[in-house]
Amino acid sequence: MSKNVVIVESPAKASTIEKFLGKDFLVTSCYGHIRDLEKKDMGIDIKNNFNPKYIIPEDKKAVVRELKKLTKKADTVWLATDEDREGEAISWHLKEALELPDKKIKRIVFDEITKSAILNAVKNPRGINYNLVEAQQSRRILDRLVGFEISPILWRKIKPNLSAGRVQSVAVRLIVDREREIDAFTSVARYKVIGSFICVDCNGKKSTFKAELPQYFKTEKEAEDFLNKCKDAEFAISSLEKKPVKKFPAAPFTTSTLQQEASRKLYFSVARTMLVAQKLYEAGKITYMRTDSFHLADQALDAAEKQILQDFGKRYSEKRKYKTRSKTAQEAHEAIRPSDFSKVSVTGSKEEKALYDLIWKRTIASQMSEAQIERTIAKISISNSSENFVAKGEVIKFDGFLKVYMESTDEENGESEDGGLLPNFKEGSKIRFELIAATERFTRPSARFTEASLVKKLEELGIGRPSTYAPTISTIQRRGYIHKEERLGTEREYKVLKLEPNKKLKKEVRTEITGADKGKLFPDNIAMIVTDFLIEHFPRIMDYKFTAHIEQELDEIANGEIDKKVMLDEFYFPFKKKVDHTIENSERASGQRILGIDPNSGKQVSVRMARFGAVAQLTDLKDEDAKPQYAGLRKEQKLESITLEEALILFELPRTLGEYEDKEVTAAIGRFGPYVKHNGKFSSLKKEYDPYTISLDEAIEVIEAKRKSDKEKTIKIFDEDPKYKILNGRWGPYLRAGNKNIRLPKDKEPDSFTLEECIELVENYVPAKSRPKKRGKKKQ
């Protein structure tokens, strides 16, 4: 038995660290079970100064026994969990669960899993930082207080299985507020004028370039009057300004900026980014991926400089130290960077390679020279008007960091003609126009949040910390408050007025797609109802500034500046009074709206939130015994904005489309989406088909496509008992026996199984939840 036992969280991290330590060290992992203890099994004892009693549940005792065996005979137990608050708390949990005395444990931390970092950590151990543990415990207690107290109220007052959270509910509010801002926005038409001009440059060469009017015209008549002025006008370069501009590289990645950039460039979800980054970290390829600091260690700065000098030369190198804007950032941590800058690429999955490439380029670029750009602004006078056209151009004189990396943005505006190269003309030069066009454009509301832009907003408001962004966004989607969706948009007409030399003004009507969104976050109806309820009854919890203030207090606990109990007392007791008052006095919230009367039946039409979602309801007010009729709202319809006419259309389903093969064909929407039904069989409709408008011919195509798919899927059906089928599945052939799916042995061809063999497989079948759990291998 080794005298030194090192405990980390995961087997992957353990195997990487094991390479760097000698035979005197045994490296093992707690397989995440101690983290499970932390999250699930620690109760909250308000009377005991918020100090929970430590309980090891039955299903975790076996794991604890295994770890105790390893640590009992060891002289030293090295706790090498992550360096953030969660990692510190896991080390504390290990100490408590394994009953380790202080003199036996050494806490080591490192922000990269490299040989030098591990050996340096072993040379410089410390004890458990109880301030960090207290901060993590305080966060956990606060989150449980909010979740455990408010969630049951939502079950009673709105709908079962809802949840609330100190951070998640505020994140949902951000998305709901943005959606309502978009709904309330009134688009205004205006005209943007862009001209294409011809000039003779200093070398006598004829060139064309574009320029635009800085201002918009409010009406078509104003735009038309301006273009008519331009018919006989003379144009000249009235002023020419050239100035050098420096463009500076972005700072190295923090957790939030990595999540944002991976979303923009690689189209990763926030959760996917963190999963891939975790793998890179545990494999020793990057530094710790949960950080809010831009800081790079001197060793990293030297290594980056060496790589830049080798790859690009001295002119491209410039050491930079970035100051973190956040007051609460932990500067002891480093930014996310490669562990070894000489490794331009790494082995691994496609996702790991792509994310590593992004991190390498961003970090290297942060230590490179600024780009030098010459920016030219030319103003073009109009002889019979006070307006001026403006042309802007840029020339990169020295690319600097742009040779490696350019940061992306979330901006969605493509109307400007800035950039590009302008001709080499002189001030006072006469020019003439080739085409001047006034195009109708429409003002746009703020864009819906993507996962990346939501992370950015949460960080700006000081809500949450690097470790909470990904789980928060995943939770609000999993709970059904928010969904990601692709909306195709609608067609819209717009006008274009075109003026060409010696020709009449020409007017055109064109079309464009507006309102199209891809990968954006949309709130469900339940999100709006819950947000309104919480704002009404728990305004303090839902206040952005208050949530940010809590984060600051947690940071102060981590720094040892305030006591945990004082902070929790200040929060809990006023909060508890509000909870009790809400339980006793609040009314049920369903988002109900009465829209009017159905002109055909005379029944009242209303909408509300029901148990399985938002519904429209037809109620016969004259007959109390008559059962109401219900129809589910479509995914894009909102309880707070649906009209009477839109609600009545919902009752047109199911639609009878006609007959096929002497059987009726109907279209409807079910619990799992739109479908057509024929001869008792259901065929799901894809996005291009609308159950309200689908024709019989289109439905027949869907039915036949489903039949073809089913035929290709079926390997064998037993005529003696048709409930037994051998089918092709996503992971290979399998047996379907009633409602059971059973994997087939691989040593036999699927179509050679007999009915008796299939019945035997069913009799010997053990459901997955009844099988013994697999445990990781114990390291020797």
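Residues numbered from 1 in each chain as written. Predicted model: local features only at pLDDT ≥ 70, side-chain atom pairs only at ≥ 80, totals over all residues. Heavy atoms only, no water.

The next point concerns the pattern of salt bridges. Counted by the stated rule, this structure contains 60 salt bridges. For E636, the salt bridge goes to R634, with nearest N and O atoms at 3.8 Å. For R634, a relative accessible area of 24% puts it in the partly exposed group. Across the pair R707 and E704 runs a salt bridge whose closest N-O atoms are separated by 3.0 Å. Of this pair, R707 and E704 both sit in helix α19 (residues 696-713), 3 residues apart, which is roughly one turn of the helix. Each of E179, D183, R448, D517, K520 and K638 takes part in a single network of salt bridges with overlapping partners. (Salt bridge = Lys/Arg side-chain N within 4 Å of Asp/Glu carboxyl O. Buried < 20%, exposed > 50% of the residue type's maximum accessible area, 1.4 Å probe, protein only. Helix = DSSP H or I, 4+ residues; strand = E, 2+ residues; numbered from the N terminus.)

The end-to-end C-alpha distance of helix α11 (residues 298-311) is 20 Å, a good match for the 20 Å that 14 residues give at a rise of 1.5 Å each. Here α11 has its buried residues at A300, L301, A304, Q307 and I308. Along the long axis of α11, the arc covered by the buried residues comes to 130°, so they all point the same way. Away from its buried face by more than 90 degrees, α11 exposes Q299, K306 and Q310. The inward-facing, buried residues of α11 abut α12 (350-366). Positioned one or two residues after α11, G313 has a phi angle of 100°, which is positive. (Expected span 1.5 Å × (residues − 1). Arc of directions from axis to C-beta. Contact = heavy atoms within 4.5 Å.)

Between helix α6 (residues 130-157) and helix α16 (residues 544-558), whose axes approach to 7 Å, the crossing angle comes to 150°. The orientation of α6 relative to α16 falls into the category roughly antiparallel. Facing α6, whose interface residues are N131, L132, E134, A135, S138, R139 and L142, α16 presents I550, E551, L554, I557 and A558. Partitioned by chemical class, the residues of the contact of α6 with α16 number 7 nonpolar, 2 polar and 3 charged. (Axes fitted to C-alpha atoms, helices over the stretch in contact; angles between N-to-C directions. Parallel < 35°, antiparallel > 145°, perpendicular 65-115°, else oblique. Nonpolar A, V, L, I, M, F, W, Y, C, P; charged D, E, K, R; others polar.)

If you trace the 4 strands from one edge of the open sheet to the other, you get β2-β1-β3-β4, paired in parallel fashion. Looking at the sheet topology across the chains shown, the edges are occupied by β2 (25-29) and β4 (105-107). Ignoring which end each strand starts from, the neighbouring axes of this sheet average 25° apart. Across the sheet, helix α4 (residues 85-97) touches β1 (4-8), β3 (76-79) and β4, and the angle it forms with β4 is around 175°. (Pairing = 2+ DSSP bridges.)

Now for the sheet that holds strand β16 (residues 604-610). Read from one edge of the open sheet, 4 strands run β15-β16-β17-β18, paired in antiparallel fashion. With partners counted over all chains shown, the strands left at the sheet margins are β15 (593-597) and β18 (629-632), one partner each. Recorded for the sheet is a direction-independent mean angle of 25° between the axes of neighbouring strands. Examined bridge by bridge, β15 and β16 share 4 bridges and lie antiparallel to one another.

Turning our attention to unusual backbone geometry. Cis geometry is found at the peptide bond from L653 to P654, where omega equals 0°. One non-glycine residue with positive phi stands out, namely N502, at about 60°. With respect to the helices and strands, N502 occurs in the loop between β12 (490-499) and β13 (506-514). At N679, a position not held by glycine, the phi torsion is positive, near 55°. The class for N679 is partly exposed, based on a relative accessible area of 48%.

Once that is clear, we can look at the packing of aromatic side chains. Inspection of every chain in the model, using the stated rule, returns 17 aromatic pairs. Ring plane angle 40° and centroid distance 5.3 Å describe the contact between F217 and F226, whose orientation is recorded as tilted. Across the pair, exposure class does not vary: F217 and F226 are buried alike. With 5.1 Å between their ring centres and 20° between their planes, F571 and F575 make a pair best called stacked. Linking F571 with F575, this pair stays in helix α17 (residues 564-585), spanning 4 residues, or about one helical turn. Assessed through its relative accessible area of 3%, F571 is described here as buried. Through successive ring pairs, a cluster of aromatic residues spans F197, F209, F217, F226, F235, F389, F425 and F433. The ring of Y216 has R190 lying over it, and the distance from NZ or CZ to the ring centre is 3.7 Å. The ring of Y405 is capped by K265, whose NZ or CZ atom sits 4.8 Å from the centre of that ring. (Phe/Tyr/Trp six-rings, centres within 6.5 Å; stacked < 30°, edge-to-face > 60°. Lys NZ or Arg CZ within 6 Å of the ring centre and 35° of its normal.)

Right, let's get into the packing of helix α7 (residues 168-184) against helix α14 (residues 469-478). Packing of α7 against α14 leaves a shortest axis separation of 10 Å and a crossing angle of 70°. For the element pair α7 / α14, the angle class is roughly perpendicular. In the packing of α7 onto α14, the handedness of the crossing is right-handed. On α14, the residues touching Q168, A171, V172 and I175 of α7 are T472, T475 and I476. Looking at the contact of α7 with α14, its residues break down into 4 nonpolar, 3 polar and no charged. (Left-handed = near helix turned anticlockwise from the far one by under 90°.)

A separate point is the side chain of E261. Assignment of secondary structure puts E261 in helix α9 (residues 255-266). E261 sits in the buried class, given a relative accessible area of 0%. For E261, the residues in contact, after removing those within four places along its chain, are F253, L266, L358, R362, Y405, M406, E407 and S408.

Moving on: the environment of E181. With respect to the helices, strands and loops of the structure, E181 is situated in helix α7. Along the backbone, E181 and S446 are 265 residues apart, and their C-alpha atoms lie at a distance of 7.8 Å. A distance of 2.9 Å separates a polar atom in the side chain of E181 from a polar atom in the side chain of S446. (Polar contact = N/O pair within 3.5 Å; in protein donor to acceptor, adjacent residues only side chain to side chain.)

Another point: empty space enclosed by the protein. Where empty space is left can be seen by rolling a probe of water-molecule size over the atoms. With the rule as written, the count across this model stands at 2 cavities of 30 Å³ or more. In this structure, the second largest cavity occupies an estimated 60 Å³ of space. What lines the second largest cavity is S163, A164, Q168, S169, V172, Y481, A527, V530, T531, L534 and M542. Secondary structure elements with two or more residues in the lining of the second largest cavity: α7 and α15 (525-537). The greatest single-element share of the lining of the second largest cavity, amounting to 4 residues, is contributed by α15. Looking at the lining of the second largest cavity, its residues break down into 7 nonpolar, 4 polar and no charged. (1 Å grid on protein atoms, 1.4 Å probe; cavity = no way out; pocket = protein on both sides within 12 Å on 5 of 7 lines; lining within 4 Å. Points joined across faces, edges and corners; volume = space filled by probe spheres on them.)

This next bit is on α6. A rise of 1.5 Å per residue sets the reference length of α6, with its 28 residues, at 40 Å; its end C-alpha atoms lie 40 Å apart and thus fit the reference within 8%. Where burial is concerned, most of α6 is hidden: 20 out of the 28 residues are buried. The distance from a side-chain oxygen at the start of α6 to the backbone nitrogen of N131 is 3.0 Å, and the residue carrying that oxygen is N129.

This part covers the pairing of β16. Along any regular strand, the residues point their side chains to alternate faces of the sheet. For β16, a buried count of 6 out of 7 residues is recorded, marking the element as mostly surrounded by other parts of the structure. Taking the residues that link successive antiparallel strands as the turn, the β15-β16 hairpin has 6 residues, and the phi of G602 there is positive, at about 75°. Pairing geometry for β16 and strand β17 (residues 613-619), over 7 bridges, is antiparallel. Residue pairing in the sheet places R608 in a bridge with V615 of β17. Once β16 ends, the chain turns through 2 residues before running back antiparallel as β17.

Attention shifts here to the confidence of the model for the protein. Put simply, the protein has an average pLDDT of 87, and 92% of its residues get 70 or more. Scored below 50 in pLDDT, residues 32-54 makes 61 contacts in the model with residues more than four places away or belonging to other chains. (pLDDT = per-residue confidence, 0-100.)

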